[in-house]
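Residue-level structural notes
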Amino acid sequence: TGVVGLYNLGQSCCLNSLLQVFLMNIRFTGILRRITVPSSPVQRRNNVPYQMLLLLEKMQCGKCKAIGPIDLARCLSEHGVQLFVQHDAAQLFLTLWNLLKKQMKKPELVEELSDLYTICIQEHLACQKCSFEIKTKSTMLTLPLPVLDSNSHRLKTLEDCLQCFFHPEELTGQNMCFCQQCGRKTPFLQSMKLVHLPQTLTLHLKRFCFERSSRTHKLSHYLKFPQDLDFNAILTENQCQADDSEKATWQYELFAVVAHSGSTSCGHYCAYIRSLTECKWYCFNDSEVCQVSWDDVKCTYGHSSLYWRETAYLLIYMKKHPQ
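Residues numbered from 1 in each chain as written. Predicted model: local features only at pLDDT ≥ 70, side-chain atom pairs only at ≥ 80, totals over all residues. Heavy atoms only, no water.

1. Focus: the overall build of the protein chain
The condition is simple: Numbering of helices and strands runs from the N terminus; a helix is a DSSP stretch of H or I covering at least four residues, while a strand is a stretch of E covering at least two. For every residue, the accessible area obtained with a 1.4 Å probe (protein chains only) is divided by the maximum for its type, and the residue is called buried under 20%, exposed over 50%, and partly exposed between those limits. Only the protein chains shown count as cover for residues, and the accessible areas themselves come from Shrake-Rupley with a 1.4 Å probe.
What the protein chain contains, in helices and strands, is eleven helices and 18 strands. Taking the principal axes of the C-alpha coordinates as reference, the protein chain spans close to 65 × 50 × 40 Å. Within the protein chain, the proportion of its 323 residues that are buried is 48%. Summed over all atoms, the accessible surface of the protein chain reaches about 16000 Å², with 50% contributed by carbon and sulfur.

2. Quick look at the pairing of strand E14 (residues 251-262)
Looking along a regular strand, one sees the side chains alternate between the two faces of the sheet. So the rule is basically this: Two strands make a pair as long as DSSP finds a minimum of two bridges between them.
Most of E14 is tucked away: ten of the twelve residues are buried. Pairing of E14 with strand E18 (residues 311-319), which is carried by eight bridges, proceeds in the antiparallel orientation. Bridge assignment links valine 258 to a residue of E18, and that residue is leucine 314. As paired strands, E14 and strand E15 (residues 267-274) are joined by seven bridges and run antiparallel to one another. Its bridge partner being in E15, serine 261 is matched across the sheet by histidine 268. Counting the residues that bridge the hairpin from E14 to E15 gives four residues.

3. As for the pattern of salt bridges
Selection rule: Each reported salt bridge corresponds to a side-chain nitrogen of Lys or Arg within 4 Å of a carboxyl oxygen of Asp or Glu.
Scanning all chains against the criterion turns up eight salt bridges. Across the pair arginine 34 and glutamate 112 runs a salt bridge, and its minimum N-O distance is 2.7 Å. Of this pair, arginine 34 sits in the loop between helix H2 (26-32) and helix H3 (41-45) while glutamate 112 is found in helix H7 (residues 107-117), placing the two residues 78 residues apart along the sequence. What makes arginine 34 partly exposed here is its relative accessible area of 35%. For glutamate 112, a relative accessible area of 31% puts it in the partly exposed group. A salt bridge links aspartate 71 to arginine 74; its shortest N-O distance comes to 3.1 Å. Taken together, the positions of aspartate 71 and arginine 74, both in helix H5 (residues 70-78) and three residues apart, correspond to about one turn of that helix. By relative accessible area, which is 48% here, arginine 74 ends up partly exposed. Put simply, Lys58, Asp71 and Arg74 are held in one network by salt bridges that share partners.

4. A short note on the nonpolar core
Short version of the rule: Residues grouped as a nonpolar core are buried Ala, Val, Leu, Ile, Met, Phe, Trp, Tyr and Cys residues, joined through side-chain atoms within 4.5 Å. Residue contacts are defined here by distance: any two heavy atoms, one from each residue, within 4.5 Å place the two residues in contact.
Membership of the largest hydrophobic core comes to 55 residues, with the highest contact counts inside it found for Phe28 and Tyr117. Excluding residues within four positions of it along the chain, phenylalanine 28 makes contact with Phe22, Leu23, Met52, Leu100, Leu113, Leu116 and Tyr117. Residues Leu145, Leu229, Ile234 and Tyr301 belong to the second largest nonpolar core, which totals 42 residues.

5. Some thoughts on the packing of aromatic side chains
We describe a pair of aromatic rings using the distance from one ring centre to the other and the angle between the two ring planes. Spelled out, the test is: A pair of aromatic rings is counted whenever rings of Phe, Tyr or Trp (Trp by its six-membered ring) have centres within 6.5 Å, and the orientation is called stacked for planes under 30 degrees apart, edge-to-face for over 60 and tilted otherwise.
Within this structure, the stated rule accounts for 14 aromatic pairs. Centre to centre, the rings of phenylalanine 231 and tyrosine 252 are 5.9 Å apart; their planes meet at 70 degrees, and the pair counts as edge-to-face. Here tyrosine 252 lies in strand E14 and phenylalanine 231 lies in helix H9 (residues 231-234), a separation of 21 residues in the sequence. The exposure class assigned to phenylalanine 231 is buried, which follows from its relative accessible area of 0%. Since its relative accessible area comes to 0%, tyrosine 252 is described here as buried. Pairing tyrosine 282 with phenylalanine 284 gives two aromatic rings, centres 6.5 Å apart and planes at 55 degrees, and the pair type is tilted. The pair formed by tyrosine 282 and phenylalanine 284 is uniform in burial state, with each residue classed as buried.

6. What about the packing of helix H4 (residues 48-61) against H5?
Stated precisely, the cut-off is as follows: Every axis in this analysis is a line fitted to C-alpha atoms, fitted for helices over the stretch in contact. Angles between the N-to-C directions lie between 0 and 180 degrees. Oblique is the label for every angle not falling under 35 degrees (roughly parallel), over 145 degrees (roughly antiparallel), or within 65 to 115 degrees (roughly perpendicular). Handedness of a helix crossing follows the sense of rotation of the near helix relative to the far helix, less than a right angle counterclockwise being left-handed and clockwise being right-handed.
For the pair H4 and H5, interaxial distance at closest approach is 9 Å and the crossing angle is 165 degrees. In terms of their interaxial angle, H4 and H5 are classed as roughly antiparallel. In the crossing of H4 with H5, the sense of the turn from one axis to the other is left-handed. Between H4, through Val48, Gln51, Met52, Leu55 and Lys58, and H5, the contact on the second element is made entirely by Asp71, Leu72, Cys75 and Leu76.

Structure (structure tokens):
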């Protein structure tokens, strides 16, 4: 098929799934191929972008069905990434991305990497007693989307999750903020406004939550997500802080799904990825790779009574019409 798996080194399914998502993204590999090769053997062994590039070349040039990412895993362990333990895919994604950005020496490549993945949000805090308002812009690599609404009711679609994330929240009682204009704590309205979306957009479905017993619980209920996603059709004018040229690029197509099966204490990750060259879906399950259909991908929507089944955890979308 031309696609190659990655051998599990011992609880490395999370790392393997994320590596496949990175390396199947031809826009990311276009950046990776232009890195500066470190000069000394020690620097090369400990450089995450270079080790990822070597792995990519082995996967593309080899004739094996799978490759062992041993050198890259050893390199990551030198930078504090634990091996042979269960990882959270959302956290490990942030760790990998930050290591890549930190070790890419060319400023133009760092900028391209940021442009490829970084989301820009503006937070609004408005006093409900006067006209005082605070606006703060921030960047993030993933949109952390709730799968329950403010009343702990299950959300049924990805569009519902996005609406819930951008829905204004009243800060009252113990959550009131100090208003500089009023000179005291007052009720505030907190809202998030979307400023910029990147070429590769990562959505994090917050399916793991803490219970009062301090144990982590997995929310496995059915939650539908589309192949095509248009933010202009989901968000209102009040939820956006962007011009028309920016909004014109907010049409996306699903590229990958990182799915989790099992429980919080004993789980497994795999990745469903749509080949950008063939437009075919593949399931990357460590060393096993097979072609699948959209119906197979839809099986990751979730099921309330089947906790061990695969449930989508990270959704990666790509712009249809980038600027």
